[in-house]
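So you can see what is in the structure, the chains are spelled out below.
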Amino acid sequence: MKRTTFLLILVAALAGVAVFITTASQDANAQAAAPIFVKTIPVGYRDWKVVSVAHEAGELNDIRAVLGNDIAIKAYREGKLPFPEGAIVGRIAWSYVASEENNKSFGRDQSFVAGSPTDSYLQFMVKDSKKYAATGGWGYSSFDKDGKPTNEAAMKTCFPCHQKVTDRDFIFTRYAP
């Protein structure tokens, strides 16, 4: 009787362990499959080097500076793809406005300068192939002018758009020497 009770307890315990391992594995797989978004602004980003600048028309309608941390800049300069772990590419965007002061100096309307920050003022891509495996090895972020992260629904639009440039490791901006 004692032996039978012991075997039943042992079988129940093993079944419980099997269920726990299966559930934990499914939870881990679900987390790995879900994109993870960067929730903090990288420290010191305003001291990074310029990758390029751009004017975006259409719905974006802004001017922007694209920056890279030292790891990203080194990869850009060496033409190294994919970008190495720890590379971070950032973007700062502003509306653009006519510069009356500059236009007076030029004698005609031709000068535009940075105006107010856009709704998604700061954006970053952080390379971590393990943490962000579900999104091509990149974590995406967007912050408003007050440093508040963009909502997750909006962030889900990042990776699908960046998938259009897989041959450039999901990065739109090319290095402007």
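Residues numbered from 1 in each chain as written. Predicted model: local features only at pLDDT ≥ 70, side-chain atom pairs only at ≥ 80, totals over all residues. Heavy atoms only, no water.

Turning to helix H2 (residues 70-78), its buried residues are Ala72, Ile73, Ala75 and Tyr76. For H2, the angular spread of buried residues about the axis comes to 165°, placing them on one side. Of the residues in H2, the exposed ones pointing more than 90 degrees away from the buried face are Asp70, Lys74, Arg77 and Glu78. The elements touched by buried residues of H2 are strand S1 (49-56), strand S2 (62-68) and strand S3 (88-98). Of the residues one or two after H2, Gly79 is the one with positive phi, at around 65°. (Buried < 20%, exposed > 50% of the residue type's maximum accessible area, 1.4 Å probe, protein only. Helix = DSSP H or I, 4+ residues; strand = E, 2+ residues; numbered from the N terminus. Arc of directions from axis to C-beta. Contact = heavy atoms within 4.5 Å.)

The next subject is unusual backbone geometry. Of note, the amide linkage connecting Leu81 to Pro82 takes the cis form, showing an omega dihedral of -5°. Residue position: Pro82 is located in the loop between H2 and S3. In this structure, Asn61 is a non-glycine residue whose phi angle is positive, near 45°. Positionally, Asn61 belongs in the loop between S1 and S2. Despite not being glycine, Phe170 has its phi angle at roughly 70°, a positive value. Relative to the elements of secondary structure, Phe170 occurs in the segment after helix H5 (158-162).

The final tally for this structure, using the stated rule, is 10 aromatic pairs. Ring geometry for Tyr76 against Phe83: centres 5.0 Å apart, planes inclined by 75°, an arrangement best described as edge-to-face. Both residues of the pair, Tyr76 and Phe83, count as buried. Centre to centre, the rings of Tyr96 and Phe112 are 5.6 Å apart; their planes meet at 80°, and the pair counts as edge-to-face. Remark: Phe112 occurs in strand S4 (residues 112-127) and Tyr96 occurs in strand S3; sequence separation between them is 16 residues. Residue classification places Tyr96 among the partly exposed positions, given a relative accessible area of 28%. Grouped by ring-pair contacts, the aromatic residues Tyr45, Trp48, Phe124 and Phe143 constitute a single cluster. (Phe/Tyr/Trp six-rings, centres within 6.5 Å; stacked < 30°, edge-to-face > 60°.)

Let us look at the pairing of S4. In this structure, S3 lies alongside S4, joined through nine bridges in antiparallel fashion. Each residue of the ladder has a partner; that of Ile88, found in S4, is Val126. Where S4 and strand S5 (residues 138-143) come together, six bridges link them in antiparallel fashion. For Gln123, the partnering residue across the bridge sits in S5 and is Ser142. (Pairing = 2+ DSSP bridges.)

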